[in-house]
Amino acid sequence: MSATPDTSGQKAGLPTVVLVHGAFADSSSWNGVIANLKRRGYPVMALANPLRGVQEDATYIRSIVDTVDGPVVMAAHSYGGAVMTEAADGAANVKALVYVASISPDVGESVLALTMKYPGSQLGTAIRMVPCRLADGSPAMEQYIEEEKFHAVFAADVAPDVAALMAVTQRPPTESAQTGSVTKVAWKSIPSWTLVSTQDLGIPPDLQRFMAQRAGSTTIEIDASHAVAVSQPGPVADFIDTAARATTG
């Protein structure tokens, strides 16, 4: 994340786009989208989601969003959608939420519970659990996608050499990040857009459709894997641009 984002877009009347990555990825998963948005003049911030737990992660993300002058459009991928849902609630500067192959929970719902609601996710058979210790010294479990399964399960339409690098650099969520539920729901008060990835083996497409309909989201579907922001950054950037123009133009 750049600590001093380019504000030239704000001077031109464009909102800042704040990107939140999900589990098993990092901010570089947005690189193609960032390059496209910056060519259009948008100031962009790609935040490093801690992946420690929904409330903890949302508190951090919200603390950064609150420092942004002017309107903000937030976009999130995968687990990042749960964090965005919690973090953006009550944020006066956030004008639109964009869910990209993402989770958009209601109060009391967790990522794990939602992904079990519909068949199709293959993450459960691809996860390796690794013990770790948190900053306070307490024990926890981290989740990794097994390297040899990463391409097929997470990024099937990404070039094999790129997917291999993604597998090595993946950032693990704690188990509690997947089982923790949201307590606030931003999509009930902020307009939302949902991009459904129809070949998704992480978050079932039917689940994405269910959540989009429930939230009253403006929805599009793209024939892509869970890693749609990597495989098809142009259409993802187009969709974010559409949300930005609809709410801050």
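Calculation notes
Residues numbered from 1 in each chain as written. Predicted model: local features only at pLDDT ≥ 70, side-chain atom pairs only at ≥ 80, totals over all residues. Heavy atoms only, no water. Core = buried A, V, L, I, M, F, W, Y, C linked by side-chain atoms within 4.5 Å. Buried < 20%, exposed > 50% of the residue type's maximum accessible area, 1.4 Å probe, protein only. Helix = DSSP H or I, 4+ residues; strand = E, 2+ residues; numbered from the N terminus. Contact = heavy atoms within 4.5 Å. UniProt positions renumbered as here; feature names shortened; annotations may be inferred. pLDDT = per-residue confidence, 0-100. Axes fitted to C-alpha atoms, helices over the stretch in contact; angles between N-to-C directions. Left-handed = near helix turned anticlockwise from the far one by under 90°. Nonpolar A, V, L, I, M, F, W, Y, C, P; charged D, E, K, R; others polar. Phe/Tyr/Trp six-rings, centres within 6.5 Å; stacked < 30°, edge-to-face > 60°. Lys NZ or Arg CZ within 6 Å of the ring centre and 35° of its normal.

- By the naming in an unreviewed UniProt entry, the protein goes by Pimeloyl-ACP methyl ester carboxylesterase and is assigned to Micromonospora ureilytica.

Details of the nonpolar core
So, point 1. One finds Met74, Tyr79, Val94, Leu97 and Phe154 to be the most contacted residues of the largest nonpolar core, which totals 52 residues.
So, point 2. Top contributing element to this core by residue count: helix H3 (residues 54-65), with five residues.
So, point 3. Dropping the residues within four chain positions of it, Leu97 is found in contact with Met74, Met84, Ala88, Ala186, Trp187, Ile190, Pro191, Ser192 and Trp193.
So, point 4. Judged by nonpolar contacts, the second largest core, of 28 residues, contains Trp30, Val33, Val73 and Ala243.

Considerations on unusual backbone geometry
So, point 1. Its identity as a non-glycine residue notwithstanding, Phe24 has a phi of 65 degrees, on the positive side.
So, point 2. Along the polypeptide, Phe24 turns up in the loop between strand S1 (16-20) and helix H2 (31-39).
So, point 3. Judged by its relative accessible area of 3%, Phe24 is buried.
So, point 4. A positive phi angle, close to 65 degrees, is found at Leu51, a residue other than glycine.
So, point 5. Note on placement: Leu51 falls in the loop between strand S2 (44-47) and H3.
So, point 6. Accessibility expressed as a relative area gives 0% for Leu51, which makes it buried.

Re the UniProt feature "domain: AB hydrolase-1" (unreviewed entry) in the protein
So, point 1. The UniProt feature table records "domain: AB hydrolase-1" (unreviewed entry) at residues 17-238.
So, point 2. A helix fraction of 35% and a strand fraction of 22% characterise residues 17-238, whose end C-alpha atoms lie 13 Å from each other.

A few points about the confidence of the model for the protein
So, point 1. Chain-level statistics for the protein give a pLDDT mean of 94 and a share of 95% at 70 or above.
So, point 2. Note that pLDDT drops below 50 for residues 1-9; the model gives that stretch twelve contacts with residues more than four away or on any other chain.

Focus: the packing of H3 against helix H4 (residues 80-87)
So, point 1. In the contact formed by H3 and H4, the axes pass within 8 Å of each other and the chain directions differ by 65 degrees. Pair H3 / H4 crosses with right-handed handedness. For the pair formed by H3 and H4, the contact residues are Val54, Gln55, Asp57, Ala58, Ile61 and Arg62 on the first element and Ala82, Val83, Glu86 and Ala87 on the second.
So, point 2. Classifying every residue of the contact of H3 with H4 by side-chain character gives six nonpolar, one polar and three charged.

A look at the packing of aromatic side chains
The geometry of two aromatic rings is summed up by the distance between their centres and the angle between their planes.
So, point 1. Under the definition given, this model contains three aromatic pairs.
So, point 2. Centre to centre, the rings of Phe24 and Phe154 are 6.4 Å apart; their planes meet at 85 degrees, and the pair counts as edge-to-face. Placement of the pair is Phe24 in the loop between S1 and H2 and Phe154 in helix H6 (residues 147-154), with a sequence separation of 130 residues. The pair formed by Phe24 and Phe154 is uniform in burial state, with each residue classed as buried.
So, point 3. Members of the aromatic cluster, joined through ring pairs, are Phe24, Phe150 and Phe154.
So, point 4. Over the ring of Phe210 we find Lys117; its NZ or CZ atom is 5.0 Å from the centre of that ring.
So, point 5. When the ring centre of Tyr144 is taken as origin, the NZ or CZ atom of Arg128, which lies over that ring, is 5.3 Å away.

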